[in-house]
Amino acid sequence: MLIVLMVFAVAALAMLPLARALGRRVFAVAALVPLGAFAHTVLQAPAVLAADSAALPVERWTWIAELSLTLDVRMDTLSWVLALVVTGVGSLVLLYCAAYFDDDERGLGRFAAVLLAFAGAMYGLVIADDVYLLFVLWEATSVFSYLLIGHYTHRRASRGAALQALVTTTLGGLVMLVGLVLLAVQAGTSSLTAILADLPPGPLTTAAIMLVLVGALSKSAIVPLHFWLPGAMAAPTPVSAYLHAAAMVKAGIYLIMRFAPAGVEVAGWREVLVVLGVATLLLGGWAALKQTDLKLLLAYGTVSQLGLLVVVAGFGTRDTALAAIALLLAHALFKAALFLIVGIIDHEAGTRDLRKLSGLGRRLPWLAGLTALALASMAGLPPLIGFVAKETALFALLSAATGGAAGPDGAPLDAAGQAWAAVALGGVVVGSVLTVAYSIRFFWGAFARKPGVDEVTGLAGATPGFVLAPAVLAVASLALGPLASVVGTGVAGYPALFPSSGEKTYALALWHGLTPELGLSVLIVVLGALLFAAREPLARLQKRVAREYTASDAYWDAMGAVDRLAVRVTGLTQRGSLPFYLGVILIVFIGVTTTGLLLDRTWPAELRLWDHPAQLAIGTVMIIAAIAATQAQKRFAALVVVGVTGFGMSATFALQGAPDLALTQVLVEVVTLIAFVLVLRRVPARLGDKHGSSHRLLRAAIGIGVGTVMAVVAIVVAGARVDAPISLDWPAAAYEQGHGRNTVNVALVDLRGWDTMGELAVVIAAATGVASLLFLRSRGDDPRRIGRAAVQQRIAQRLDRVRDLGDPGEQRNAWILAGPTLDPRHRSILLEVVVRLTFHAIIVISLYLLFAGHNLPGGGFVGGLVAGLALVARYLAGGRYELGAALPLGAGTVLGTGLIIAAGAALVPVLLGQPPLTSTYWEGEVWLLGEVEFVSSTIFDIGVYLVVVGLVLDVLRSLGAEVDRQGGDELAPSARREGSIR
C-alpha cells in the first residue's frame, strides 16, 4: 500500500512532461495508475473479508524513530470500500477527461498531475492508521482541491470558489488536528486503531471528539459550513464528479464512520450529528428545488445527501452502520455519474440552464436512459442499489425509534436514543421526499420538451470515451441492486463493529417483503412526485420565503472584515519608516526583557568587570565609537565608527583564546563595511539632507534603555550557570568524532552539520532576496555572463574611441583586464597594480584556510570570505566588467553548486547505511605530498566555501554592478564624450 502511494506521487510528477508530448491523451495514461491501485485493492479482498482481524493488511515504515513517528497504513472493511470508490471512480474520471478537454486547453499537464496527486492523497487518507499521517493527507486533499477548483485561473469566480473551499476546509482541518493531538496524547500512541480501541471517558475526550467532528463536518459541507460546495461548481465538471461526489466530500463521512463505534459513547455525539445532518438534508433539498443550473441542482442535492449520510453514519447502531456504508457506495456511483452526464449535456447543448433545454431526450435517448438509471438510484427506486441503501436506512431508524436497536453497551436504546431516532427518521423521510422531487426536476429540466422553448439542435454526438465513465457508473448502480446480498457480504465487517440487537440481523437485500420501510419508500416517492407536480406554486412560495442573508454571505462578509482590518492594521503599523519599526521592536524588547529580569532569582553574588586589562581598553574604544556614531554628520563616518565596535569584538574574541571567531568577525566586518559603502553611493552623503532626525530625546532614551538592559542581561546570564557547560566536552568530541582540532570548524561541518545546512539555506534565501530587489530586468542581462572575450571586445572599442579622440593621456597601460573600460577620472593605477599582484595570492590563502581549517584557524566560511574579498578588490579596481571577467559564472550557479556539494556530502553516508553527515577519516603517505590526512567533512566545508563566495558575488553584482548599470555606469567612460558602452 505504501508502494501504491509512492507510485501515485511519482506518476503525478511525470504528468507535466508527458502532457507536452501526448496532449489530452495524458489522461488515459494517468488513468492507469488509479486503475492499478483499484486492482491491487481488489486483490486485498480475501484478507479484508476474513473473519480474523489479525489478517488485515497492515504496513509500517519508520519515519523518525527518535520521535516514534511512523507511517502506518491499514486496510479494513471501511477503508477497503472507500479505496475501491476512490481508485475506481478516479480512473473513470481521468478517462472522461481525455474526451472532456481539448488538446489546446491550457494547463492540461498541471491539471492531470494535480488530479492524480489528489487521488493518491485520498487513497492514502482512507488507509492511514496514524493520526498525523491522516492529518497531512487530509490537508493535502484541501490543497489539491484548491488547485483543481481554481483550474480556470483567468476566471474570478473560479479563484474565489477555490479560496472559499480552501479556507473553510483547511480551518476545519486545523481544528481537527487539535482534537487528534489531544486523543494521541491521552492514549500515548498516534495509532488510530489503538486510540479508538480504548477511548478514555471524560470531558477532555469529549472536547477532542467534538474538535474532530468540526474537521469532518467542514470537509463534508454540513451546515453551517455547507456554502463552499455549491461555490466549488466553478470547477471543471470532472472535478465536481470526483471531488464533490465520490471522493473529497466523503472524507468527512469516512471520519465520522471511523470514529462512530467509539464516538457514539461520547456525550453529544448523536445529538450533534442528527441535528446538523437533518438541517443539512432539508436545507440542501429545499435549495436544489429552485436551481435552474443542472450542476448547481446536483451540488445542492449533494449537500442534502451528505446530510443524510451524516445522520445515518453518526447514529451509531449496527443497522445504521450497514445503511451508511451502503449509502456511501450508492451515492458515489449515482452522483458521480450525474455530474459527468451534466458535462456531456453542457458539451453537446452548450448550456446547463434547464430553462433553455428542450427535446434533448428525443435526440439523445441513450443519455436520457443513463440519467434515468442514476436518478432512480438517487431517488431510491427499485431495483437499484440506492433503493436498497435507502430502505436499509429507513428500517434502521424505524427499528431504533421503536426500541428494536441496541445501544453501545448492547442493551436496547434508552428513551433519549429512541427520541433522537424518531427525529432522524422524520428528517430522512422529509429529505427523501425532496430528493425525489429534485430528481424528477433534473430529468424534466434536462430532457423533456418544454412549450415555448426551442429544441436543442446541432448536436455533434458524444464520443464513446465521453460516455464510458457515466455508463459504467450508472450500470453499476443498476447491477448492484440485485446483487445486494453480495454487497452485504463485502461490507459486513464494518457493521460488525457495533453490538447487535438480537440473533437475527438485518441484511442488504432487494426484497424484504411488505414491510413498514417499504411503505415509507412508496409514500416518499408519491409525495416527491406530487411536490414536483406543484413546482409552480412551490416556486412562488420559495420566492416569498427566500433568505436575504445566507451562510455564503456571512463568509464573504467575514473575509471582507478581515481584509479591512488588515488594511487598517497595516496602515497603522507598516508606515514605511525604519525608525518606527525599530522603535517598536526595541520598546517591546525593553519591556518584556525587563519584566523577565525583575522576576528572575538568579542574579550573581559578585561582579567581575574584566579578565584582562586589555579588555578595559577595548571596551572603552567600543563605547567611544558607539557614541561617536550618534554624533556623526556623514553616513560614511557613522559607518566607519560603527565598524570599530565590530573590530573591538574581534579583539575580545582573540583575547579569550578564540582566533577562529576573531578571524571570522574581522572578515564579516570588512565585507559588511564594503556592502554598506556600495549602498551609500546612491544616498546623500550627509545625514539628514532629506529627512532630518526627529524625536531625538526619545531615540536617545530607547538607545540607553536597550544598552542598559543588554548589559544587565549579560551580567545575569554570566552568573546564572550553576552546572558545567556542555561546551567543555566539545574539544574531545571534535577530535574523537570529527577527527579535527579546530573545535569551531568541526562543530560547523560535522557535530552540528544540520544547523549549518539550515544556515546555508538562509544565506541563499537572503542572497536571492537582495538580488530580486535590485535587478529590474532578467538577470540574464546582468554582467555575470561577461567573460574574458566580451571584456576584451569592450577594451578594443574603448581604445578605438581613444585613438579617434586623440587623447594620449587616456592611453595608459592596463594592469587589470577591464581597466581601459573605466573613465580615467575614476581609475587608480596604484589600486590596479596592488590588485594585479595580490589577487591570486589571496585566492591561494583562501584555499589554504579552507583545507587547513579542520585543525587550524580557518574553514570554509572564513576561506569563502577571503575569496570574496579578492573579488571585491577586482570590482573596486575595474568595475563590473572586471568582476565579470574575474568570475564569469552566475552567483546562483555558485550558490547552487555549493548547496548541492554540501547536501551531497551530508546524504552520501545514508547510501552506505550510515546516519547523515557521518564523517570518515583517511591518513596515509602520498607521493610528493608526504603524509596526508583527509576528513570527508571537508567536502561539506567546500560546499560552505562556495556558498559564501556566491553570496559575496551576489552582493557585489546586486549592490555594486547592477546599481552601476541602473545609475548610468559612473565607472564607465564618460558618455558625454564617447557615448555609453553598455
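You'll find the structure just up there.
Residues numbered from 1 in each chain as written. Predicted model: local features only at pLDDT ≥ 70, side-chain atom pairs only at ≥ 80, totals over all residues. Heavy atoms only, no water.

## Remarks on the packing of helix 5 (residues 108-127) against helix 12 (residues 248-263)
Running from N to C, helix 5 and helix 12 point in directions that differ by 5°, and their axes come no closer than 11 Å. The angle between helix 5 and helix 12 places the two elements in the roughly parallel class. Listed contacts from helix 12 to Phe118, Met122, Leu125 and Val126 of helix 5 are Met248, Ala251, Tyr254 and Arg258. A breakdown of the residues in the contact of helix 5 with helix 12 according to their chemical character gives 7 nonpolar, no polar and 1 charged. (Axes fitted to C-alpha atoms, helices over the stretch in contact; angles between N-to-C directions. Helix = DSSP H or I, 4+ residues; strand = E, 2+ residues; numbered from the N terminus. Parallel < 35°, antiparallel > 145°, perpendicular 65-115°, else oblique. Contact = heavy atoms within 4.5 Å. Nonpolar A, V, L, I, M, F, W, Y, C, P; charged D, E, K, R; others polar.)

## Remarks on helix 21 (residues 484-491)
Quick reminder: α-helices carry 3.6 residues per turn. Residues three or four places apart thus point the same way. Listed as buried for helix 21 are Ala484, Val487, Gly488, Gly490 and Val491. The buried side chains of helix 21 occupy one side of the element, clustering within an arc of 160° when seen end-on. Residues of helix 21 that are exposed and point more than 90 degrees away from the buried face comprise Val486 and Thr489. Residues of helix 21 that are buried in the fold lie against helix 3 (45-49), helix 4 (77-100), helix 15 (318-349), helix 18 (385-401) and helix 20 (464-480). (Buried < 20%, exposed > 50% of the residue type's maximum accessible area, 1.4 Å probe, protein only. Arc of directions from axis to C-beta.)

## Here's the deal with the pattern of salt bridges
Taken as a whole, this structure holds 8 salt bridges when the rule is applied. One salt bridge connects Arg352 with Asp346, and the closest N-O pair in it is separated by 3.4 Å. Accessibility expressed as a relative area gives 21% for Arg352, which makes it partly exposed. Residue classification places Asp346 among the partly exposed residues on the basis of a relative accessible area of 23%. (Salt bridge = Lys/Arg side-chain N within 4 Å of Asp/Glu carboxyl O.)

## Details of unusual backbone geometry
Leaving glycine out, the prevailing phi sign among residues is negative, and the prevailing peptide bond configuration is trans. At the junction of Val223 and Pro224, the peptide bond is cis and its omega measures out at 5° in the coordinates. If you trace the backbone, Pro224 turns up in the loop between helix 9 (203-219) and helix 10 (228-231). Omega for the peptide link from Pro382 to Pro383 comes to 10°, which places this bond in the cis form. Although it is not a glycine, Ala221 adopts a positive phi angle of roughly 55°. Positionally, Ala221 belongs in the loop between helix 9 and helix 10. The residue His739 is not glycine, and still its phi comes out positive at about 60°. By the secondary structure assignment, His739 is in the loop between helix 30 (730-736) and helix 31 (743-751).

## Things to note about the side chain of Ser304
Within the element layout of this structure, Ser304 appears in helix 14 (residues 294-315). Ser304 has contacts with Thr280, Leu281, Gly284, Gly285, Thr435 and Tyr438, leaving out every residue within four places of it along the chain.

## Looking at a negative patch on the surface
There is a patch of like negative charges on the surface, built from Glu923, Glu925, Glu931 and Glu933. The set of elements that each furnish at least two residues to the negative patch consists of strand 3 (921-926) and strand 4 (930-935). Its place among the elements puts Glu925 in strand 3. With a relative accessible area of 66%, Glu925 lands in the exposed category. (Patch = residues over 30% accessible without salt bridge, like charges linked within 9 Å, V, L, I, M, F, W, Y side chains within 5 Å. Areas by Shrake-Rupley, 256 points an atom, 1.4 Å probe, with all protein chains shown as cover. Lys, Arg positive; Asp, Glu negative; His and termini not counted. Charge placed at Lys NZ, Arg CZ, Asp CG, Glu CD.)

## Observations regarding a nonpolar patch on the surface
On the surface, a cluster of nonpolar side chains totalling about 460 Å² of accessible area is made up of Leu18, Val29, Leu32, Leu35, Phe38 and Val42. Of the residues forming the nonpolar patch, the biggest block, 5 residues, is contributed by helix 2 (residues 26-43). A relative accessible area of 33% means that Val29 is categorised as partly exposed.

## Examining the nonpolar core
Membership of the largest hydrophobic core comes to 205 residues, with the highest contact counts inside it found for Phe27, Tyr123, Tyr242 and Phe259. Considering every element that reaches this core, the biggest residue donor is helix 15, with 22 residues. Beyond its immediate chain neighbours, meaning those up to four positions away, Tyr242 contacts Val86, Val89, Gly90, Val93, Leu115, Phe118, Ala119, Ala247 and Met248. Leu849, Val894, Ala906 and Val944 belong to the second largest nonpolar core, which has 41 residues in total. (Core = buried A, V, L, I, M, F, W, Y, C linked by side-chain atoms within 4.5 Å.)

## A word on the packing of aromatic side chains
Summed over the entire model, instances satisfying the criterion amount to 16 aromatic pairs. Relative to Phe101, the ring of Phe27 lies with its centre 5.6 Å away and its plane at 15°, an arrangement referred to as stacked. With Phe27 in helix 2 and Phe101 in the loop between helix 4 and helix 5, this pair connects stretches of sequence that are 74 residues apart. Phe101 matches Phe27 in its accessibility class, with the two residues each being buried. Note on Trp444 and Phe532: the rings are 5.9 Å apart at their centroids and 65° apart in plane angle, and the pair reads as edge-to-face. Of the two residues, Trp444 is situated in helix 19 (residues 415-447) and Phe532 in helix 22 (residues 516-533); the sequence distance between them amounts to 88 residues. (Phe/Tyr/Trp six-rings, centres within 6.5 Å; stacked < 30°, edge-to-face > 60°.)

## Focus on helix 35 (residues 860-886)
A rise of 1.5 Å per residue sets the reference length of helix 35, with its 27 residues, at 39 Å; its end C-alpha atoms lie only 20 Å apart and thus fall more than 12% short of the reference. Maximal helix bending in helix 35 amounts to about 135°, located at Gly878. Taken across its 27 residues, helix 35 has 24 buried, putting it largely inside the fold. (Expected span 1.5 Å × (residues − 1). Bend = angle between axes of the 7 residues up to and from the residue.)

## Considerations on the environment of Gly705
Its place among the elements puts Gly705 in helix 29 (residues 696-720). Sequence separation between Gly705 and Arg608 is 97 residues; the distance between their C-alpha atoms is 22 Å.

So yeah, pure geometry; function would need other evidence.
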